[in-house]
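Analysis of the macromolecular model
Residues per chain are reported as follows:
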Amino acid sequence: MKLYYLNEFLGDIVNINVEGMWINAKIIPSKNIDKFNDFFSAIVDEENDFEETNYSEEWLDDSNWYIIDNENRKKGIYIPAVYPDGEISWRWR
């Protein structure tokens, strides 16, 4: 599987595990993900008061995030949680 934001490839997704409504995996990031690092850090930091105004409205729009599966089908997701250790979690829209 592959993670995309709009038409930007952000990384390959491997070692997929489903837990209820959540899908957990590892991401092998592309260099395109670098500009999102602070955004993802803020999302996953439970002690952080996430300020939406600090980030692009486009980044906060769930319809801009999706996965391309192994059959090359595009599937919408909610904004993924990408952790510094390479873990990724998401839910399908």
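Heads up: the structure comes first, above all this text.
We now turn to the structure provided with this report. (Residues numbered from 1 in each chain as written. Predicted model: local features only at pLDDT ≥ 70, side-chain atom pairs only at ≥ 80, totals over all residues. Heavy atoms only, no water.)

For the protein, the count of helices and strands is 1 helix and 7 strands. Across the protein, helices and strands are ordered from the amino to the carboxyl terminus as β-β-β-α-β-β-β-β. A compact globule built from 93 residues would reach a C-alpha radius of gyration of about 12 Å, and the protein, at 13 Å, matches this within 12%. If you take every contact in the protein between residues at least 6 apart in sequence, the share linking residues at least 24 apart comes to 44%. Charge-centre separation for the protein: the mean point of 9 positive side chains lies 11 Å from the mean point of 19 negative side chains. (Helix = DSSP H or I, 4+ residues; strand = E, 2+ residues; numbered from the N terminus. Rg over C-alpha atoms; globule rule 2.2 N^0.38 Å. Contact = heavy atoms within 4.5 Å. Lys, Arg positive; Asp, Glu negative; His and termini not counted. Charge placed at Lys NZ, Arg CZ, Asp CG, Glu CD.)

It is worth spelling out the pairing of strand 3 (residues 22-29) at this point. Both strand 2 (residues 8-19) and strand 3 contribute to a ladder of 7 bridges, which runs antiparallel. Across the sheet, residue Ile 13 finds its bridge partner in strand 3, namely Ile 27. In sequence, strand 2 turns back onto strand 3 through a hairpin of 2 residues, with Gly 20 there showing a positive phi of about 65°. As paired strands, strand 3 and strand 7 (residues 87-90) are joined by 4 bridges and run antiparallel to one another. Pairing of Lys 26 across the sheet is with Glu 87, part of strand 7. (Pairing = 2+ DSSP bridges.)

For Asn 24, the location among the structural elements is in strand 3. For Asn 24, a relative accessible area of 17% corresponds to the buried category. Of the polar contacts made by the side chain of Asn 24, one reaches the side chain of Ser 89; its length is 2.6 Å. Once you skip the residues sitting within four places of it in the chain, Asn 24 turns out to touch Asn 15, Ile 16, Asn 17, Glu 19, Ile 88 and Ser 89. (Buried < 20%, exposed > 50% of the residue type's maximum accessible area, 1.4 Å probe, protein only. Polar contact = N/O pair within 3.5 Å; in protein donor to acceptor, adjacent residues only side chain to side chain.)

Here we come to the sheet that holds strand 6 (residues 81-82). The strand order across the open sheet formed by 7 strands is 5-4-1-2-3-7-6, and the pairing between neighbours is antiparallel. Pairing within the sheet leaves two strands with one partner each, and these edge strands are strand 5 (74-76) and strand 6. Note that strand 1 (residues 2-5) and strand 2 share 4 bridges and pair antiparallel. Looking at the pairing, Lys 2 lines up with Asp 12 of strand 2.

Shape is all these values report; function is a separate question.
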